[in-house]
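In case you want the letters, here they are:
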Amino acid sequence: MAKNFTCPYCYETFAARAIGFRCNSRQSRTQKRCARRRDDVLEARMGERGDVGPAFFGPDGRRPKAPCPECDSETTYRICPVCHMTLPVQFGMVENRMIAMVGAKASGKTVYMTVLLHEVMNQIGANLGAALMGSDDSTLRRFQADYQDHLYRDGQLFAGTRPAGANDNRVDPLVFRFSLSRRGRLRERPQHTVLSFFDTAGEDFNSRESVELNTRYLAGADGIILILDPLQMPGARKLAAPGTAMPGPDGVDTPVNVLSRVTNMLLAEHSARSATRVSTPTAVVFSKMDAFWHRLEKGSPLQAHPPQHDRFDVGDSLSVHEEVRQLLREWEGVTIDRMLENTYTDYRYFGVSALGAGPTRDARVAATGIQPYRVADPLLWLLSEFGAVPRTGRG
Ligand SMILES: Nc1nc2c(ncn2[C@@H]2O[C@H](COP(=O)(O)OP(=O)(O)OP(=O)(O)O)[C@@H](O)[C@H]2O)c(=O)[nH]1
Ligand SMILES: [Mg+2]
Ligand SMILES: [Zn+2]
Ligand SMILES: [Zn+2]
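Just so it is clear, the structure is predicted and the values come from calculations on it, not from any experiment. (Residues numbered from 1 in each chain as written. Chains lettered and ligands numbered in written order. Predicted model: local features only at pLDDT ≥ 70, side-chain atom pairs only at ≥ 80, totals over all residues. Heavy atoms only, no water.)

Teacher, can you tell me more about the sheet that holds strand β11 (residues 191-199) here?
Note: strands within a sheet are paired through backbone hydrogen bonds, in either parallel or antiparallel orientation. One open sheet holds the seven strands; their spatial order is β9-β10-β11-β8-β12-β13-β15, and the pairing between them is mixed. Here the strands that pair on one side only, and so sit at the sheet edges, are β9 (130-134) and β15 (347-351). Averaged over all neighbouring strand pairs, the angle between strand axes comes to 25°, with direction disregarded. As judged from the five bridges shared by strand β12 (residues 223-228) and strand β13 (residues 282-286), these two strands associate in the parallel manner. What sits directly across from I225, in β13, is A283. Contacting β9, β10 (174-180) and β11, helix α4 (residues 137-153) runs over the sheet at an angle of about 105° to β10. Taken strand by strand, helix α8 (residues 314-330) contacts β13 and β15, and its axis lies near 80° from that of β15. (Pairing = 2+ DSSP bridges. Helix = DSSP H or I, 4+ residues; strand = E, 2+ residues; numbered from the N terminus. Axes fitted to C-alpha atoms, helices over the stretch in contact; angles between N-to-C directions. Contact = heavy atoms within 4.5 Å.)

So what exactly am I meant to see when it comes to the nonpolar core here?
Proteins that are soluble and globular tend to have nonpolar side chains buried together. In terms of nonpolar packing, the biggest core is built from 45 residues, with F178, F197 and L383 touching the most fellow members. Top contributing element to this core by residue count: helix α2 (residues 109-121), with seven residues. In this structure, L383 is in contact with F178, L195, A388 and V389, ignoring residues within four places of it in sequence. The next biggest cluster of nonpolar side chains, apart from the first, holds 40 residues, and it includes A221, V284, V320 and Y347. (Core = buried A, V, L, I, M, F, W, Y, C linked by side-chain atoms within 4.5 Å. Buried < 20%, exposed > 50% of the residue type's maximum accessible area, 1.4 Å probe, protein only.)

I would appreciate a short explanation of the pattern of salt bridges in the present structure.
A side chain with one charge can pair with a side chain of the opposite charge if their charged atoms come near. The final tally for this structure, using the stated rule, is 17 salt bridges. Among the ionic pairs, D229 bridges to K288, the shortest N-O distance being 2.8 Å. Residue D229 is located in the loop between β12 and α6 (234-237), and its partner K288 is located in the loop between β13 and β14 (312-313); the two are separated by 59 residues in the primary sequence. Under the relative-accessibility criterion, K288 is labelled partly exposed at 23%. A salt bridge links D377 to R374; the nearest nitrogen and oxygen atoms lie 2.7 Å apart. For the pair formed by D377 and R374, the shared burial category is buried. Salt bridges sharing partners connect three or more residues here, namely D149, R153 and D154. (Salt bridge = Lys/Arg side-chain N within 4 Å of Asp/Glu carboxyl O.)

When you look at the packing of α8 against helix α9 (residues 334-343) in this model, what are you seeing that I'm missing?
The relative placement of two packed helices is expressed as an angle between their axes plus a distance between the axes. Remark: α8 packs on α9, axes separated minimally by 7 Å, with the N-to-C direction vectors making an angle of 135°. Taken together, α8 and α9 sit at an angle that is classed as oblique. Residue-level contacts link R325, L328 and R329 of α8 to V334, I336, D337 and E341 of α9. (Parallel < 35°, antiparallel > 145°, perpendicular 65-115°, else oblique.)

Just to check I follow, could you spell out the coordination of the zinc ion (ligand 4) for this structure?
Expected angles at a metal are 109.5 degrees for tetrahedral coordination by four donors and either 90 or 180 degrees for octahedral coordination by six donors. Bound to the zinc ion (ligand 4) on the protein side are C7 (SG), C10 (SG), C80 (SG) and C83 (SG), at distances that span 2.3 Å. Around the zinc ion (ligand 4) sit four donor atoms, and with donor-metal-donor angles ranging over 105 to 114° the site reads as tetrahedral. As a motif over one chain, the donors of the zinc ion (ligand 4) read C-x2-C-x69-C-x2-C. Comparing C80 with C83 shows no difference in burial state: the two are buried. (Donors = N, O, S within 2.8 Å, 3.2 Å for Na, K, Ca; no water. Tetrahedral: all angles 85-135°; square planar, octahedral: opposite > 155°, others 65-115°.)

What am I meant to see in unusual backbone geometry here?
Keep in mind that most residues, glycine aside, have a negative phi and that most peptide bonds are trans. At Y11, a position not held by glycine, the phi torsion is positive, near 65°. Among the structural elements, Y11 can be located in the loop between β1 (4-6) and β2 (13-15). Residue classification places Y11 among the buried residues on the basis of a relative accessible area of 4%. A positive phi angle, near 55°, is found at E332, a position not held by glycine. Checked against the element boundaries, E332 lands in the loop between α8 and α9.

Listed below in structure tokens is the structure:
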């Protein structure tokens, strides 16, 4: 059977043959040129996009290029047959991995995603010998202006993320290309992985309307980053460092409820195959760990930075996993552990702090700056599960 592909922008699936093309609107050999125009499908799915070359379908989408039927010009722009977004270069030829990020409102998803991507683009990428680049203009622009500059340059935290589907059922993931060059290894090709991050709004998991959208998104994901906020667990809240800024009561939800909802969605989607277990690799990430550092024992793996390697360190990751499992007891979160153990075949615990310190009273980054802590572990684990990052150590 022909392999189906999932669009990194709209998460719809299609056969490679169905991929369309977009004219590049350049002067062709026959001196014709297609006028740029609006693309209604693209705008309905992705919002205002300005004028673009005409889309056309018919030529086999498995081919890298096709001649435009209007002007004869050869184009290499291939587009998703559902949302008409230009697909990443080499789509279908390199690995394409969708990473869904979910969690309750105010659990720290947007801050985490921004710091994670920033770190992988800089220090962590350098250690790994990896590069992470925005895969399209809109990702590049949005990541810089709406996320990176906002947090790093202006020192501001984010207002709540707009729910998906609030406007015309739209999703707008950030799509990146992760390339790993294996240094000094003869005959190893550089590996490319397309990563699609979808920053959900916490309330998406409470409202009925956006469940359908999120179900498609979760079901299409190759890996899940589930952000759980210990400050939203009654048992942990009382153990947090004095003075910690607590999430307000609006729309916040206990991690065990979030996990139940996500699990139900995943199981419902897989029920056609009568699955009772979820096999999607799931990183269960406890955020805002800086609020609990004072309680950790000396030598706790959650107090040390991960070893600096060009590989994913399995032993270190398993010690963190066990340490978090212990913490769940203290936090009265044993139900979480039981649910994961009974339902997920491939999950791993992580503890991170994206900011490294609580925010100031006026919702800004602390004066000490952003000092991220173990933020890349979940992504590296997922990439190692996909075989896109090599491993070292026991396991
Ligand atoms: N102490 C501490 N607080 C954090 C950290 N990261 C986020 N926060 C706090 O959590 C708040 C919410 O973070 P966001 O990333 O905007 O949360 P979100 O999950 O995207 O929220 P929604 O978009 O509303 O669903 C921030 O404004 C901070 O106050 C962290 O690493 N440590
Ligand atoms: Mg957000
Ligand atoms: Zn044309
Ligand atoms: Zn699409």
